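Examining the three-dimensional arrangement
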Amino acid sequence: MIEALTSVKNPLVQRMRTLKSAKGREAEGQMLIDGEKMIREALGAGLVPGDVLIDEGILAQLNDLIKMLETAGAKLYQVPYRILEAVSDTVTPSGVCASFTPPKKLDLSQPPARIVALDGVQDPGNAGTIWRTADAAGFGGMLLGAGSAEPTNPKVVRATMGSCFRLPAQKVPDLAQALAQLKADGYQIVATSLDGQDIYQRDALGEKIVLVIGSEAHGIRADVLALSDVRLKLPMRGGAESLNAAVAAGIILYELTRGI
């Protein structure tokens, strides 16, 4: 059964609006997912839906998705478009958004063999794109240090194109501490650095690695860089001095998986 909501001041609508902020997501224990494709991705990954708002003008176009959501136990509401504008963090909402229980975090007690770590990558688009690329390249998890984008930020979620539902991540208060523990467990810490070795002339790496990507503005913090076993750089053969963080990360992620 689909109920109708008409007021932006409705308590449920107000509660969903709070999911646009990190504080609200933490308080509610839920994340906001916008758009039919991303909602399908979340359902396919086994995430549990909560409340779903659907533009009353497109209900007939979403019969299949509505059945999937009802089967998964979601509560559905038809709303005027202005409510979606109030809840969504996009300029032009897609017509459907939903609250979901977030995916499981990366389990550092049983970490995967290949991990990417972000040190101060604040831009949600860059963080989400690196997450998506790490998933595509076959990495098993992602760490986000202090100063990096929040993993449940709706902009990050959209940029991952669904990879955030499959590739586990965890935000840690002290990235250096987390890396030190992984290093003690036999991981090689591979850092991107302007004074590093040309990645195309690198020595062979072990099976267990953590690739650390720093912010475009400041690079990797000194305490994190000090933990590195290997430092790599991309050669700048033209006039550009640097690359966008997500572009550089994509090249390096794939280069490190070559041959496996």
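Bear in mind the structure is a predicted one, so any value in this text is a computation, not a measurement. (Residues numbered from 1 in each chain as written. Predicted model: local features only at pLDDT ≥ 70, side-chain atom pairs only at ≥ 80, totals over all residues. Heavy atoms only, no water.)

**A word on the packing of helix 3 (residues 36-44) against helix 4 (residues 63-71)**
Look at helix 3 against helix 4: their axes get within 11 Å of each other, and the N-to-C directions meet at 35°. For the pair helix 3 and helix 4, the crossing hand works out as left-handed. Of helix 4, the residues touching helix 3 (which contributes Glu-36, Ile-39, Arg-40 and Leu-43) are Asp-64, Leu-65, Met-68 and Leu-69. (Axes fitted to C-alpha atoms, helices over the stretch in contact; angles between N-to-C directions. Helix = DSSP H or I, 4+ residues; strand = E, 2+ residues; numbered from the N terminus. Left-handed = near helix turned anticlockwise from the far one by under 90°. Contact = heavy atoms within 4.5 Å.)

**Remarks on the pattern of salt bridges**
Counted under the stated rule, the structure contains 16 salt bridges. Among the ionic pairs, Arg-40 bridges to Asp-64, the shortest N-O distance being 3.0 Å. Placement of Arg-40 in helix 3 and of Asp-64 in helix 4 is noted, with a sequence separation of 24 residues between them. Given the relative accessible area of 46%, Asp-64 is considered partly exposed. For the salt bridge of Arg-166 with Glu-41, the shortest nitrogen-to-oxygen distance reads 3.0 Å. Separated by 125 residues along the polypeptide, Arg-166 in helix 8 (residues 163-166) and Glu-41 in helix 3 bring together distant segments of the chain. In this structure Arg-166 comes out as partly exposed when scored by relative accessible area, which is 44%. (Salt bridge = Lys/Arg side-chain N within 4 Å of Asp/Glu carboxyl O. Buried < 20%, exposed > 50% of the residue type's maximum accessible area, 1.4 Å probe, protein only.)

**Section: the layout of surface pockets**
If a probe the size of a water molecule is rolled over the atoms, the empty space left behind becomes visible. Roughly 600 Å³ of internal volume is contained in the largest pocket. When grouped by side-chain class, the residues that make up the lining of the largest pocket number 13 nonpolar, eight polar and three charged. Reported here for the second largest pocket is a volume of approximately 470 Å³. Taken together, 21 residues form the lining of the second largest pocket, with Pro-102, Lys-105, Glu-150, Pro-151 and Thr-152 sitting closest to its centre. Grouping the amino acids of the lining of the second largest pocket by side-chain chemistry returns eleven nonpolar, four polar and six charged. (1 Å grid on protein atoms, 1.4 Å probe; cavity = no way out; pocket = protein on both sides within 12 Å on 5 of 7 lines; lining within 4 Å. Points joined across faces, edges and corners; volume = space filled by probe spheres on them. Nonpolar A, V, L, I, M, F, W, Y, C, P; charged D, E, K, R; others polar.)

**Observations regarding the sheet that holds strand 11 (residues 230-233)**
Sheet architecture is open: six strands sit in the order 8-7-6-10-9-11, paired in parallel fashion. Strands with a single pairing partner mark the edges of an open sheet, and in this sheet they are strand 8 (169-171) and strand 11. Taking each pair of neighbouring strands and ignoring which way they run, the sheet shows an average axis angle of 30°. Bridging between strand 9 (residues 188-198) and strand 11 involves five bridges; their strand directions are parallel. For Asp-198, the partnering residue across the bridge sits in strand 11 and is Lys-233. Against the sheet, helix 9 (residues 175-184) makes contact with strand 6 (114-119), strand 7 (141-144), strand 9 and strand 10 (209-214), and its axis sits at roughly 160° relative to strand 6, the strand it touches most. Against the sheet, helix 11 (residues 245-256) touches strand 6, strand 9, strand 10 and strand 11, its axis set at about 165° to strand 10. (Pairing = 2+ DSSP bridges.)

**Some details on the pairing of strand 7**
Burial along strand 7 is two-sided: the residues Gly-141 and Leu-143 and Met-142 and Leu-144 are all buried. Of the pairings in the sheet, the one linking strand 6 to strand 7 comprises four bridges and is parallel in character. When the bridges of strand 7 are listed, Ile-115 appears paired with Gly-141. Traced from strand 6 through helix 6 (residues 124-137) to strand 7, the parallel crossover comes out right-handed. (Right-handed = clockwise from strand over helix to strand, strands pointing away.)

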